[in-house]
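Below, each chain spelled out in residue letters.
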Amino acid sequence: MLDNDLPVVAVACSRGPARVLEAILDWVAGTLLFIMMMVTTVDVVGRYFFHSPLHGAYESNELLLGVLVFTALPRVTWHGTHLTVSMVDGLFSARGRRIKQGVLDWVSGGILAVLAWQLHLHANGMAEFGDRSNALNMPLAPLAWLIAALTALAAVAALLRPFFFRLAASEPHKGA
């Protein structure tokens, strides 16, 4: 049985340098997801057929999932495909919705920039103290710096978004 009541969602694509960056992030996200799938498969097969689970499988999937989420964040932010609840959109005209969305994008960008800065400071602290993962004894600071950089990229995407995307006047407001 098909869910015909679900809207068809087209994959959003950019042009120019943004498209190149999206392609890189998509490739990284796909690769991380594939690695997570292979780690889980090897762990399950090893555990149930050979009574020898893969050492550090759970921890590696935790770390990979964290990086995967933040790898997707810049693209989701750039295209505005976050989950949203639009309780007040019906009260605004098309121009009012554009202004509201621009303000929300700038606020989100500012919050993401502060978060990226705090993540960077936290990563520096992790490097200074030599924080390592428990099972794999892997340094955690490089992953934290990567997550901080991806969050900074999402902040830039949010801050630039109002200049590149316009809510069409004829577009019906979305709500949940």
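Preceding this paragraph is the structure being described.
The structure displayed is predicted, hence computed values, not measured ones. Each residue is numbered by its place in its chain's sequence as written, counting from 1. Where local features are concerned, this predicted model is filtered to residues with pLDDT of at least 70; where side-chain atom pairs are given and counted, the filter is 80 or more; whole-chain, interface and lining totals use all residues. Only hydrogens and water are removed before side-chain values are computed, so all heavy atoms of the structure are retained for them.

(A) Molecular detail of the pattern of salt bridges. Definition used for salt bridges: Asp or Glu carboxyl oxygen within 4 Å of a side-chain nitrogen of Lys or Arg. In the structure shown here, the tally under the stated rule is six salt bridges. Note that Glu 22 and Arg 75 form a salt bridge whose closest N and O atoms lie 3.2 Å from each other. With Glu 22 in helix H1 (residues 17-49) and Arg 75 in helix H2 (residues 57-79), this pair connects stretches of sequence that are 53 residues apart. Exposed residues in this analysis have more than 50% of their type's maximum accessible area, buried residues have under 20%, and partly exposed residues fall in between, with area computed by a 1.4 Å probe over protein chains only. Here Arg 75 falls in the buried class, since its relative accessible area comes to 18%. Residue Asp 43 pairs with Arg 47 through a salt bridge whose shortest N-O separation is 3.1 Å. Highlighted residues: Asp 43 and Arg 47, both in helix H1, separated by four residues, approximately one helical turn. Think of it this way: any DSSP run of H or I at least four residues long counts as a helix, any run of E at least two long counts as a strand, and we number them from the N terminus.

(B) A look at the packing of H1 against H2. Between N-to-C directions, angles cover 0 to 180 degrees, with each direction set by a line fitted to C-alpha atoms, over the stretch in contact for helices. Contact geometry for H1 and H2: axes closest at 9 Å, N-to-C directions at 155°. Taken as axis vectors, H1 and H2 run roughly antiparallel relative to one another. The chirality of how H1 crosses H2 is left-handed. Of the residues assigned to the contact of H1 with H2, the class counts are 16 nonpolar, five polar and five charged. Each angle receives one of four descriptions, namely roughly parallel if under 35 degrees, roughly antiparallel if over 145, roughly perpendicular if within 65 to 115, and oblique otherwise. For a crossing to be left-handed, the near helix must be turned anticlockwise from the far one by less than a right angle; the clockwise case is right-handed. Charged means Asp, Glu, Lys or Arg here, nonpolar means Ala, Val, Leu, Ile, Met, Phe, Trp, Tyr, Cys or Pro, and polar covers whatever is left, Gly included.

(C) Fine view of the side chain of Thr 77. With respect to the element layout, Thr 77 can be found in helix H2. Since its relative accessible area comes to 6%, Thr 77 is described here as buried. Not counting residues up to four positions away in its chain, the partners in contact with Thr 77 are His 82, Leu 112, Ala 154, Ala 157, Ala 158 and Arg 161. In what follows, residue pairs with any heavy atoms lying within 4.5 Å of each other are defined as contacts.

(D) Highlighting the packing of aromatic side chains. Aromatic pairs are defined between Phe, Tyr and Trp rings, using the six-membered ring for Trp, whenever the two ring centres lie within 6.5 Å; interplanar angles under 30 degrees are classed as stacked, those over 60 as edge-to-face, and all others as tilted. Following the criterion strictly, the structure yields two aromatic pairs and no others. With centroids separated by 5.3 Å and ring planes inclined at 55°, the aromatic side chains of Trp 78 and Phe 164 adopt a geometry described as tilted. Within this pair, whereas Trp 78 is found in helix H2, its partner Phe 164 is found in helix H4 (residues 141-164), the two being separated by 86 residues in sequence. Judged by relative accessible area, which is 55%, Phe 164 ranks as exposed. Between the aromatic rings of Trp 106 and Phe 163, the centroid separation amounts to 6.0 Å while the plane-to-plane angle is 45°, which identifies the pairing as tilted. Within this pair, whereas Trp 106 is found in helix H3 (residues 94-129), its partner Phe 163 is found in helix H4, the two being separated by 57 residues in sequence. The class of Trp 106 is partly exposed, set by a relative accessible area of 42%.

(E) Local environment of H2. Compared with an ideal rise of 1.5 Å per residue, which puts 23 residues at 33 Å, H2 spans 33 Å between its outermost C-alpha atoms and is within 8% of the ideal. The largest bend in H2 is about 30°, located at Leu 73, with the proline Pro 74 one to four residues further on. Of the residues one or two after H2, Gly 80 is the one with positive phi, at around 65°. The length a helix should cover is 1.5 Å for every residue beyond the first. What we call the bend at a residue is the angle made by axes fitted to the seven residues finishing there and the seven residues starting there.

(F) Just the nonpolar core, in detail. Nine residue types can take part in a nonpolar core, namely buried Ala, Val, Leu, Ile, Met, Phe, Trp, Tyr and Cys, and a core is a set of them joined through side-chain atoms within 4.5 Å. Core analysis: the largest hydrophobic core is formed by eight residues, namely Ala 29, Leu 32, Met 36, Leu 64, Val 67, Leu 68, Leu 143 and Ile 147. Secondary-structure elements contributing two or more residues to this core are H1, H2 and H4. Once residues lying within four places of it in the same chain are set aside, the contact partners of Leu 64 are Leu 32, Ile 35 and Met 36.

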